[in-house]
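# Architecture at a glance
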Amino acid sequence: MATHPQASPAASCIGRDTVRVDGPLKVTGVAQYTSDFHFAGMLYAVPVGATIANGRVTKLDTTTAEKMPGVVAIFHRGNIGKIFRSIAGSGFSGICEERRPPFEDDVVRYYGQYIALAVAETFEAAKAAADAVRASYAAEEPNVASHLVAEDEPEEVVTTFGPMKRVQSQRGDPDAAFAAAPIKLDHTYVTPIETHNPMEPHSTTAIWEGSRLTLYESSQGVVNLRGVLAQMFGLPPENVRVITKFVGSGFGSKLWPWTLCPLAAAAARQLGRPVRLVLARKMMFHAVGHRPRTQQRVRLGATAEGKLISLQHDYVYTRSMLDAHHEDCGEATTLQYSVPNLRVTFGRARRNIGGGADMRGPGRVPGLYAIESAMNELAHRLNIDPLQLRMLNEPQVDESKGLPFSSRHMVECLQLGAEKFDWSRRNPAVGSMNRDGLILGWGMAECSWMAARFPAAVYVQLRDDGSCRVASATQDIGTGTYTNLAQLASARTGIPLEKVEVQLGDTSFPEGPISGGSMATPSIVNAVFAAADQAIESLKTVAVSTPGSPFANHKAEDVSFEDGVLFLKNERRAKSVPFFELLRRANLRQVTGNGQSPATFGDPNPPKFSTQSFGCHFAEVTWQPEIARLRVSRVVSVIDAGKIINPLAGRNQIQGAVVMGIGMALLEATEYDPQNGAPLNSSFADYLVAVNADAPPVEVHFLDYPDKELNQLGARGIGEIGLAGIAAAITDAVHHATGVRVRELPVRIEDLLA
Ligand code: MOS
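Let us look at the structure shown here. Everything numeric in this text was worked out from a predicted model, so none of it was measured.

## Quick look at the nonpolar core
V298, L300, L378, V621, I654, L666 and I730 are the most contacted members of the largest nonpolar core, which totals 83 residues. Ranked by residue count, the leading element in this core is helix α8 (residues 364–382), at 10 residues. Counting 69 residues, the second largest nonpolar core, distinct from the first, contains A116, L213, V242 and A267.

## Notes on the pattern of salt bridges
With the rule as written, the count across this model stands at 41 salt bridges. With a closest N to O distance of 2.9 Å, D17 and R651 form a salt bridge. Residue D17 is found in the segment before α1 (23–27), and its partner R651 is found in helix α14 (residues 647–666); the two are separated by 634 residues along the sequence. Linked by salt bridges that have partners in common, E377, D732, R741 and R743 make up one network.

## So, unusual backbone geometry
The residue after L745, namely P746, is reached through a cis peptide bond having omega -10°. Position of P746 among the secondary structure elements: in the loop between α15 (726–738) and α16 (749–752). You will see that F103, though not glycine, has its phi angle at about 70°, which is positive. Here F103 lies in the loop between β3 (71–75) and β4 (107–108). A residue is classified by how much of its surface remains accessible, and F103, at 4% relative accessible area, is buried. A positive phi angle is found at A628, which is not glycine, with a value near 50°.

## A short note on the packing of aromatic side chains
Under the counting rule described, the total for this entry stands at 25 aromatic pairs. Connected via pairs of aromatic rings, a cluster forms that spans F92, F161, W256, F454 and F601. One cation-aromatic arrangement involves R408 over F405; the distance from NZ or CZ to the ring centre is 4.9 Å. Taking the ring centre of F421 as reference, the NZ or CZ of R634 above it sits at 4.0 Å.

## A look at helix α10 (residues 410–421)
Here α10 is 12 residues long and its end C-alpha atoms lie 16 Å apart, about the 16 Å a rise of 1.5 Å per residue gives. Inspection of α10 places M410, C413, L414, G417, A418 and F421 among the buried residues, and these make up the whole buried set. Taken around the axis of α10, the buried residues stretch over an arc of 125°, which confines them to a single face. Those residues of α10 that are buried are in contact with α7 (333–336), α9 (386–392), β19 (438–450), β27 (612–624) and β28 (629–640). Trailing α10 by a residue or two, D422 shows a phi angle of about 70°, which is positive.

## A look at the sheet that holds β3
Strand order in the open sheet formed by seven strands is β3-β5-β1-β14-β11-β12-β13, and the pairing between neighbours is mixed. A strand with exactly one partner marks an edge of an open sheet, and here the two such strands are β3 and β13 (240–243). Each strand of the sheet is rotated relative to its neighbour by a mean of 20°, with strand direction disregarded. Pairing analysis gives four bridges linking strand β12 (residues 212–217) to β13, with the strands arranged parallel. Opposite L215, over in β13, you have V242 as the bridge partner. Docked against the sheet, helix α3 (residues 123–132) engages β1 (43–49), β3 and β5 (114–120), running at close to 25° with respect to β1.

## Observations regarding the state of the cysteines
Tallying each qualifying case throughout the model produces zero disulfides. Here C468 is not disulfide-linked; the sulfur of C13 is the nearest cysteine sulfur, at 11 Å.

## Description of the environment of L582
Inspection of the secondary structure assignment puts L582 in helix α13 (residues 579–585). On the basis of relative accessibility, which here comes to 1%, the residue L582 falls in the buried class. Taking the C-alpha atoms as reference, L582 lies 7.2 Å from S549; in sequence the two are 33 residues apart.

## Comments concerning the sheet that holds β28
The five strands are arranged β18-β19-β27-β28-β29 in an open sheet whose pairing can be described as mixed. Only two strands of the sheet have a single partner each, and these edge strands are β18 (433–435) and β29 (698–702). Adjacent strand axes in the sheet meet at a mean angle of 30°, parallel and antiparallel pairs treated alike. With five bridges connecting them, β28 and β29 associate as parallel partners. Each bridged residue has a counterpart across the sheet, and for V638 the counterpart in β29 is H701. In the packing of α10 onto the sheet, the strands contacted are β19, β27, β28 and β29, and the crossing angle to β27 comes to about 25°. In the packing of α15 onto the sheet, contacts are made with β18, β19, β27 and β28, and the angle to β19 comes to roughly 160°.

Calculation notes
- Residues numbered from 1 in each chain as written.
- Predicted model: local features only at pLDDT ≥ 70, side-chain atom pairs only at ≥ 80, totals over all residues.
- Heavy atoms only, no water.
- Core = buried A, V, L, I, M, F, W, Y, C linked by side-chain atoms within 4.5 Å.
- Buried < 20%, exposed > 50% of the residue type's maximum accessible area, 1.4 Å probe, protein only.
- Helix = DSSP H or I, 4+ residues; strand = E, 2+ residues; numbered from the N terminus.
- Salt bridge = Lys/Arg side-chain N within 4 Å of Asp/Glu carboxyl O.
- Phe/Tyr/Trp six-rings, centres within 6.5 Å; stacked < 30°, edge-to-face > 60°.
- Lys NZ or Arg CZ within 6 Å of the ring centre and 35° of its normal.
- Expected span 1.5 Å × (residues − 1).
- Arc of directions from axis to C-beta.
- Contact = heavy atoms within 4.5 Å.
- Pairing = 2+ DSSP bridges.
- Axes fitted to C-alpha atoms, helices over the stretch in contact; angles between N-to-C directions.
- Disulfide = S-S within 2.5 Å.

Put into structure tokens, the structure is as follows:
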């Protein structure tokens, strides 16, 4: 095996603040996002969305649209050509939330569902033609009701990721324990539908060459998308190539394919020309996913001292008529606290809305909002410090699985957070704390997120110009994956960071992980190291077998490689040769190593540990009752996520998630018109997200306990955990400031005026 250059200068870039290697490309405008690629003869497509949410298309009049200048075709069910359905494959492949191919039937199941596609020489002509298509409907009343009642369904239901038991977890006798508990709390918490709203809209460009399809797509998972497209067009996967160089974020909406991809590909097939389809912001609210609405009843039974006796979490969430997305609000509930009696159940309620989807921290984010809110309410009821209540109920093992945690330092998170926030100064009396004439509210909450690996493959090339190239079919969705891979390759080879070229987002490369579940980084570490090691082994073989090499006639195992130079072990580095000189002497452009790392996610073998990341948030709000002005003024977050490869980008992840959490707590909600089922606030003006002006100082601290169960560096993921728990910390701070307990997000000014 290659020596692991622990002590080399390059190795130390792991765990160091590292500016993004792709930063200059982005700030100079050189980075090409999906719709920045242009192709000869390219056409523009604009979809026509249904203006009802329930019913049938009875007539589609395209005659005016077809005659408009620049219009090439108006596609609909009658002329789009064959598009097959896709199904989930073995392992973690073929994933798709809305299986129905576009135009498969005349049934309209949600507002904005694509019913036609205008294709023209320019975007403007396509848009005008799309607007000129006239549809007649047999409309029925849409169901977009906000109160959720679980539908009558079997004990086990099919979800996107497989069958799920509706009694998700159970231990002890939660009913009897609750009935007998001295202290009982029973509340329902509601989170609204939220729309992802990445800055870059969904964008797809399809190009056919014979029976080969290339799709430029803004995607969080190019490999999965290739598999789905291959099925939909009846192609061998090797005939499909998906390219995603830069992504203007996705938050989960770009994890799994939506119907715009096959629509663009089918149109391009019919016309024999490249077709581009970029969604307008309004359409981002229709057919590319959202976080489902959740309604979660939490029942806590406790002793008067605050020890949990019973925990019941029964939640219902919305889904569309077409998707089987499971919003797993109960995932964290089963393991967050020590409690002998527990039951978690879920139910679903169909609505005439587009497909639900993973949105940053799916499941745990709404789930922990409910559980952490209930814990804060229990603390208030018992007059116990909410931090103390958590300490009192800290579990020793994952009680849902009876497994030890691979690494859990929640207590240290709580202690460090309390110290940094100055929590001990908190006066628990409502409205009792002031600063500069403002009423202060302080709240806190815990968070957690699963840690696992997807399968990952990478190749690493060492080249004769002294550079190193790393390639994998994973993506950088703005989180820092380009930089992480450069750091990993640099650390393992000793080649300086600026000499490492990283290439991602192309299914021509070895299959990399989706950028989802906060799992890209933990998945890829071992694969990069293995690929680098193999390239180094190959280099050593070259070293000893090249005539005239200073290592000729030695054994490969006698050669060492550190900091980009080769030397004989027994000579230390007295006589060292840079690797690129050796390659030049051997007339080799490069040596290549391939590395793989298997999945733990979905592994049928029983795990030995429960692998999770943990953390907590402390939030301060200011409240001015005179003008009903509520602001989040300060947040301290402590995250225990194993080894942090790049703390600079890591802090950015948590800060960004906290700001998104401010939006979740105070601003975000997608509203549907009961008349026609349309998302009403489908613009950046009307759908409020937290922006710079809403963002307070967010102080982020990472603990440093490498978790070697995940990979050689002990890195877990950090993309999502920062959004878990924060809304509960904020709503408890709101209660502390105002005395108003809001149990339905977002907290609105009118809630506080009562
Ligand atoms: Mo995240 S919802 O796994 O993109």
